[in-house]
Amino acid sequence: MTHMLIIGGSDAGISAALRIKEVDARAEVTVMVADVFPNLSICGLPFFLSGEVADWRTLAHRTAAEIEAHGIHLLLDHRAESIDRQARHVRVRATGGRLVSLA
Ligand SMILES: Cc1cc2nc3c(=O)[nH]c(=O)nc-3n(C[C@H](O)[C@H](O)[C@H](O)COP(=O)(O)OP(=O)(O)OC[C@H]3O[C@@H](n4cnc5c(N)ncnc54)[C@H](O)[C@@H]3O)c2cc1C
């Protein structure tokens, strides 16, 4: 079974994850996000700053629950520190600062 790890969960990362699931519904897809705000529309930031949008949380294109409903696993608050492509390992600074290695 295909297992994909996507680093970054904004427009590019979530689009990629959704497309993978569209092509192969059985694929295991994990999206790692350095922060806890997946799919937040950074383009909408000026609307929040101008007051046109009252709550910045509504700038998210999708909530975490909506993303997970597509069968996509979210690893929030996990920052990739290095990628070893040969060994297929990613060194990750996880929640609370601990270091983990994902294969
Ligand atoms: C104020 C503003 C207005 C904009 N307006 C427009 C517009 O009108 N039209 C338009 O086309 N574009 C606009 N853009 C540009 C658009 O926002 C970007 O092109 C788009 O967000 C890029 O998406 P991305 O997914 O590639 O990266 P980003 O949106 O930068 O997302 C990066 C993701 O990767 C994660 N990440 C980063 N490093 C790590 C790491 N080491 N480990 C794990 N996760 C990591 C972040 O947490 C985030 O989830 C605007 C940008 C800004 C700032």
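Quick caveat: nothing in here was measured; it's all calculated off a predicted structure.

A.B. asks: Describe the site of the ligand, listing the residues and the values that go with them.
C.D. replies: In the neighbourhood of the ligand, 16 residues make up the surrounding shell, with Ser 10, Ala 12, Asp 35, Ile 42 and Ala 80 lying closest. Note that an oxygen atom of the ligand is positioned 2.8 Å from one of the backbone N or O atoms of Ala 12. Ala 34 is positioned such that a nitrogen or oxygen atom in its backbone is 3.1 Å from a nitrogen atom of the ligand. For the ligand, whose free accessible area comes to 1000 Å², the fraction covered by protein is 48%. Those elements that provide at least two residues to the shell around the ligand are helix 1 (11–23) and strand 4 (79–84). Taken together, the residues of the shell around the ligand sort by class into nine nonpolar, four polar and three charged.

A.B. asks: Which residues make up the pattern of salt bridges, and what are the values?
C.D. replies: With the rule as written, the count across this model stands at four salt bridges. The salt bridge involving Glu 22 is made with Arg 19; its shortest N-O contact spans 2.5 Å. With Glu 22 and Arg 19 both in helix 1 and three residues apart, the pair spans about one turn of that helix. Salt-bridge contacts for Asp 55 lead to Arg 57; the nearest nitrogen and oxygen are separated by 2.9 Å. The class for Asp 55 is partly exposed, based on a relative accessible area of 32%. We classify Arg 57 as exposed; its relative accessible area is 52%. Linked through salt bridges whose partners overlap, the residues forming this network are Glu 81, Arg 91 and Arg 93.

Conventions adopted
- Residues numbered from 1 in each chain as written.
- Predicted model: local features only at pLDDT ≥ 70, side-chain atom pairs only at ≥ 80, totals over all residues.
- Heavy atoms only, no water.
- Near = heavy atom within 4 Å.
- Polar contact = N/O pair within 3.5 Å; in protein donor to acceptor, adjacent residues only side chain to side chain.
- Areas by Shrake-Rupley, 256 points an atom, 1.4 Å probe, with all protein chains shown as cover.
- Helix = DSSP H or I, 4+ residues; strand = E, 2+ residues; numbered from the N terminus.
- Nonpolar A, V, L, I, M, F, W, Y, C, P; charged D, E, K, R; others polar.
- Salt bridge = Lys/Arg side-chain N within 4 Å of Asp/Glu carboxyl O.
- Buried < 20%, exposed > 50% of the residue type's maximum accessible area, 1.4 Å probe, protein only.

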